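Each chain, written out:
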Amino acid sequence: MSILNSMKQKLHPLGIYSLSDSSVVTSELAAYAEVLDAIEAQLAELEQERFVATAQTYGLTMRELAIGSEQKSDTIEKRRSALLYRSAISTTDFNKTAIEGVLKAVGINGYIIEAPEKNKIYINCLSLEVRGSDKELKKQIISQFLPAHLECFFDFRNLQWQFIEELSNTFDRMDSRNLTWDQIEDFVPIW
């Protein structure tokens, strides 16, 4: 029921107001109703943005800014998932499985290689769910969930041993190309 109809329905039993569509009282009630409709819409939006599960715009942005930076390039579902995950951290969440969960929550498809004897972990970021997203920002977010005593290295190249072995390159074959290390890193074979 609209606010105008609700006000008219509540005033009708009094019997002292002319509530026809052309009456002055109805015109005044319509003016009130227009403002109240706008307030009601703002309250509905405020209620929606209050909870992560229903937030669409500023509700997500304000929470993201409180714990890092806004993730505009991600989908709303991905942003919600990351916020919910980051808000549910416990003392048991600093292990390989939990860190892999963080990778997924921030939109990175990859895997972790542990080197406990060196106090290091390597995170091979094979791909980002949203192309062009800020890698440095993603590293900062993930770093917040890593054990402080471990040194972490991020690799955003899609370079895996399986891929290298499938090329069947020999050392002599690659050496004959006279590439620098930077060129090798960006090298895309055409064979």
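Residues numbered from 1 in each chain as written. Predicted model: local features only at pLDDT ≥ 70, side-chain atom pairs only at ≥ 80, totals over all residues. Heavy atoms only, no water.

## Considering the overall build of the chain
Applied cut-off: By the criteria applied, helices consist of DSSP H or I runs no shorter than four residues and strands consist of E runs no shorter than two, each listed in order from the N terminus. Under the scheme applied here, a residue whose accessible area is under 20% of the maximum for its type counts as buried, over 50% as exposed, and between as partly exposed, the area being computed with a 1.4 Å probe on protein chains only. Whether two residues are in contact is decided by their heavy atoms: any pair within 4.5 Å suffices. The accessible surface values rely on the Shrake-Rupley method and a 1.4 Å probe; as for residues, cover is taken only from the protein chains in view.
Of regular secondary structure, the chain possesses nine helices and three strands. Mapped from its N terminus to its C terminus, the chain presents α and β elements in the order α-α-α-α-α-β-β-α-β-α-α-α. Counting over 191 residues, the chain shows a buried share of 27%. A fraction of 43% describes how many contacts in the chain between residues 6 or more apart in sequence connect residues 24 or more apart. Total accessible area on the chain stands at roughly 13300 Å², and carbon and sulfur atoms take up 56% of it.

## Points about the sheet that holds strand E1 (residues 108-115)
Filter applied, for reference: For two strands to count as paired, DSSP must find a minimum of two bridges between them. Angles shown run from 0 to 180 degrees and are taken between the N-to-C directions of axes, each axis being a line fitted to C-alpha atoms and, for helices, limited to the stretch in contact.
Here we have three strands laid out as an open sheet, ordered E1-E2-E3, and mixed in their pairing. Edge positions in the sheet fall to E1 and strand E3 (151-155), since each has one partner strand and no second. Across the sheet, the mean angle separating the axes of adjacent strands is 20° when strand polarity is ignored. Here five bridges tie strand E2 (residues 120-128) to E3, and the two strands are oriented parallel to one another. Among the inter-strand pairings, Asn-124 is bridged to a residue of E3, identified as Asp-155. In the packing of helix H5 (residues 96-105) onto the sheet, contacts are made with E1 and E2, and the angle to E1 comes to roughly 155°.

## Some remarks on the pattern of salt bridges
Threshold: Put simply, a salt bridge is a Lys or Arg side-chain nitrogen that is within 4 Å of an Asp or Glu carboxyl oxygen.
Scanning the entire structure with this criterion turns up four salt bridges. Note that Lys-8 is salt-bridged to Asp-21, the shortest N-O span being 3.2 Å. Here Asp-21 lies in the loop between helix H1 (3-11) and helix H2 (24-50) and Lys-8 lies in helix H1, a separation of 13 residues in the sequence. A relative accessible area of 67% means that Asp-21 is categorised as exposed. Among the salt bridges present, the one from Lys-139 reaches Glu-136, with a minimum N-O distance of 3.3 Å. You can see Lys-139 and its partner Glu-136 sitting in helix H6 (residues 135-143), three residues apart, about one turn around the helix. Note on Lys-139: relative accessible area 25%, which makes it partly exposed.

## Digging into the side chain of Arg-79
Note that Arg-79 resides in helix H4 (residues 76-87). Given a relative accessible area of 8%, Arg-79 falls into the buried group.

## Thoughts on the nonpolar core
Operational definition: Among buried residues, the Ala, Val, Leu, Ile, Met, Phe, Trp, Tyr and Cys ones that are joined through side-chain atoms within 4.5 Å form a nonpolar core.
Counting residues in each nonpolar core, the largest one holds 16 residues, and the members touching the most others are Ile-108, Ile-123, Ile-142 and Leu-146. The greatest single-element share of this core, amounting to four residues, is contributed by E2. Setting aside anything within four residues of it in sequence, one finds Leu-146 in contact with Phe-94, Ile-99, Ile-121, Ile-123, Cys-152 and Phe-154.

## Comments concerning the packing of aromatic side chains
What counts here: Between the rings of Phe, Tyr and Trp (Trp by its six-membered ring), a pair exists once the centres lie within 6.5 Å; its type follows the angle of the planes, with under 30 degrees stacked, over 60 edge-to-face, and the other angles tilted.
Following the criterion strictly, the structure yields two aromatic pairs and no others. Pairing Tyr-122 with Phe-153 gives two aromatic rings, centres 5.4 Å apart and planes at 20°, and the pair type is stacked. With Tyr-122 in strand E2 and Phe-153 in strand E3, this pair connects stretches of sequence that are 31 residues apart. The partly exposed category is assigned to Tyr-122, whose relative accessible area is 30%. What makes Phe-153 partly exposed here is its relative accessible area of 33%.

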